[in-house]
Amino acid sequence: MTTPPTGPLQDQVVIVTGAGSGIGRASALAFARAGAHVLAVGRRAEALRHSAAQHRGIAVLPADITAIGAAQAVIDAATQRWGRVDVLVNNAGATAVMPLADTTAQRISDLFALNVTAPSLLARAALPHLRAGRGAIVNVSSTYGHRPLPGAAHYAASKAALEQLTRSWALELAADGVRVNALAPGPTESEALSAAGLPDAVVEQIKQDESARIPLGRRGTPEEVAAWIVHLADPAAPWITGQVLTVDGGLELT
Ligand SMILES: NC(=O)c1ccc[n+]([C@@H]2O[C@H](COP(=O)([O-])OP(=O)(O)OC[C@H]3O[C@@H](n4cnc5c(N)ncnc54)[C@H](OP(=O)(O)O)[C@@H]3O)[C@@H](O)[C@H]2O)c1
């Protein structure tokens, strides 16, 4: 446990999806350290509790954000607790190894339900509150939202969709003072590869290959990504909207 919040996001209300691990957990902690009240959302209650144990500013809501009615329930949980929503971080997402030859309608549908539809419905449900407080949305994309990824084309396509939603919503909501940006991480230490169902040996090989391809010579840490998510959401960055910020050790340049 840490001391009461004092920081640049003092008393802001922030929702972080996928906050039970990886980039989401690091983001929840970074927002709480910046003074925000954070609602940490994910399916695994135990994982969320582990996140919340790291700072008193983090409250948890176990929920599957792809379930019917989940988006409104998430926003309601925040407003019932704190009376407002200032920032929505659409971080929950999944990767899927899916060569074209193995592609099925169900797998495409499941991937887009999590990576595209759920963030959209959360943003819609949050909108009245974001408008009221001139708040911000940060969507978590990927380097592969804007470069090709053979063998995982639909993952790349789902993140490309999220980047276009970011730009379009930024224009749509600019007159309301609501900023919308995306953070595009490169390969970052998290549970993402094992959550995709890959065997440990394959995960290790992918990590080694990625580190070798990244100009700065290593994968990123969730904390390095989270710091930029907080910057994009910070009210002290009032003149940035519609941008996709890539944080990937230079991978995008190769
Ligand atoms: N790590 C990377 O290399 C990398 C690179 C580029 C982009 N990204 C993106 O970064 C974001 C965070 O991923 P990560 O790397 O931190 O991986 P992660 O550790 O696997 O985190 C994903 C989180 O999403 C949650 N989640 C999954 N399905 C959900 C659902 N239906 N409802 C609610 N929560 C759900 C998971 O928690 P539960 O299982 O408990 O629900 C998990 O905490 C994702 O959007 C990912 O695509 C990651």
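Here is a short report on the structure shown in this document. (Residues numbered from 1 in each chain as written. Predicted model: local features only at pLDDT ≥ 70, side-chain atom pairs only at ≥ 80, totals over all residues. Heavy atoms only, no water.)

Description of the overall build of the chain
Counting its regular elements, the chain contains 8 helices and 7 strands. Scaling as 2.2 N^0.38, a compact globule of 254 residues should have a C-alpha radius of gyration of about 18 Å, and the chain matches this with 17 Å. Taken along its principal axes, the extent of the C-alpha atoms in the chain is 50 × 40 × 35 Å. Across the 254 residues in the chain, those meeting the buried criterion constitute 48%. The long-range fraction of contacts in the chain, counting pairs at least 24 apart against all pairs at least 6 apart in sequence, stands at 71%. Between the averaged position of the 20 positive side-chain charges in the chain and that of its 21 negative side-chain charges there is a distance of 4 Å. (Helix = DSSP H or I, 4+ residues; strand = E, 2+ residues; numbered from the N terminus. Rg over C-alpha atoms; globule rule 2.2 N^0.38 Å. Buried < 20%, exposed > 50% of the residue type's maximum accessible area, 1.4 Å probe, protein only. Contact = heavy atoms within 4.5 Å. Lys, Arg positive; Asp, Glu negative; His and termini not counted. Charge placed at Lys NZ, Arg CZ, Asp CG, Glu CD.)

With respect to the site of the ligand
The immediate surroundings of the ligand are formed by 28 residues, with S21, R43, R44, N91 and S190 found nearest. I65 is positioned such that a nitrogen or oxygen atom in its backbone is 3.0 Å from a nitrogen atom of the ligand. In the model, an oxygen atom of the ligand is placed 2.9 Å from a nitrogen or oxygen of the K159 side chain. Considered on its own, the ligand offers 880 Å² of accessible surface; in the complex 92% of this is hidden by protein. Where the shell around the ligand is concerned, the elements lending two or more residues are α1 (22-33) and α5 (153-174). Its residues assigned to classes, the shell around the ligand comprises 10 nonpolar, 13 polar and 5 charged. (Near = heavy atom within 4 Å. Polar contact = N/O pair within 3.5 Å; in protein donor to acceptor, adjacent residues only side chain to side chain. Areas by Shrake-Rupley, 256 points an atom, 1.4 Å probe, with all protein chains shown as cover. Nonpolar A, V, L, I, M, F, W, Y, C, P; charged D, E, K, R; others polar.)

So, the pattern of salt bridges
Summed over the entire model, instances satisfying the criterion amount to 9 salt bridges. One salt bridge in this structure joins R219 and E189, with 3.0 Å as the shortest N-O distance. With a gap of 30 residues between them, R219 in the loop between α7 (200-213) and α8 (222-233) and E189 in the loop between β6 (179-185) and α6 (192-195) connect regions that are remote in the sequence. The exposure class of R219 is buried, given its relative accessible area of 8%. What makes E189 partly exposed here is its relative accessible area of 33%. Residues joined in a network through salt bridges with shared partners are E189, K207, E210 and R219. (Salt bridge = Lys/Arg side-chain N within 4 Å of Asp/Glu carboxyl O.)

Considering the pairing of strand β5 (residues 136-140)
Across the 5 residues of β5, 5 count as buried, placing the element largely inside the fold. Side chains of β5 alternate between two faces, with A136, V138 and V140 and I137 and N139 buried alike. The pairing of strand β4 (residues 87-90) with β5 spans 4 bridges and is parallel. For L88, the partnering residue across the bridge sits in β5 and is I137. Traced from β4 through helix α4 (residues 105-133) to β5, the parallel crossover comes out right-handed. (Pairing = 2+ DSSP bridges. Right-handed = clockwise from strand over helix to strand, strands pointing away.)

Considering the side chain of N181
Summarising the element assignment, N181 is placed in strand β6. Looking at N181, its side chain comes within polar contact range of the main-chain oxygen of I240, at 3.0 Å. A polar contact is formed between the side chain of N181 and the backbone nitrogen of Q243, at a distance of 3.0 Å.

As for the sheet that holds β6
Read across the sheet, 7 strands follow the order β3-β2-β1-β4-β5-β6-β7 without closing on themselves; strand pairing throughout is parallel. The open sheet has two edge strands with one neighbour each: β3 (58-62) and β7 (244-247). Sheet twist, expressed as the mean angle between neighbouring strand axes with direction ignored, is 20°. With 5 bridges joining them, β5 and β6 adopt parallel strand pairing. In the sheet register, A136 faces β6, and the bridge partner there is R179. Its contacts with the sheet put α1 on β1 (13-17), β2 (37-42), β3, β4 and β6, and the angle it makes with β1 is roughly 170°. This element, α4, spans β1, β4 and β5 of the sheet and lies at about 175° to β4. (Axes fitted to C-alpha atoms, helices over the stretch in contact; angles between N-to-C directions.)

Keep in mind that these numbers describe shape and distance, not what the molecule does.
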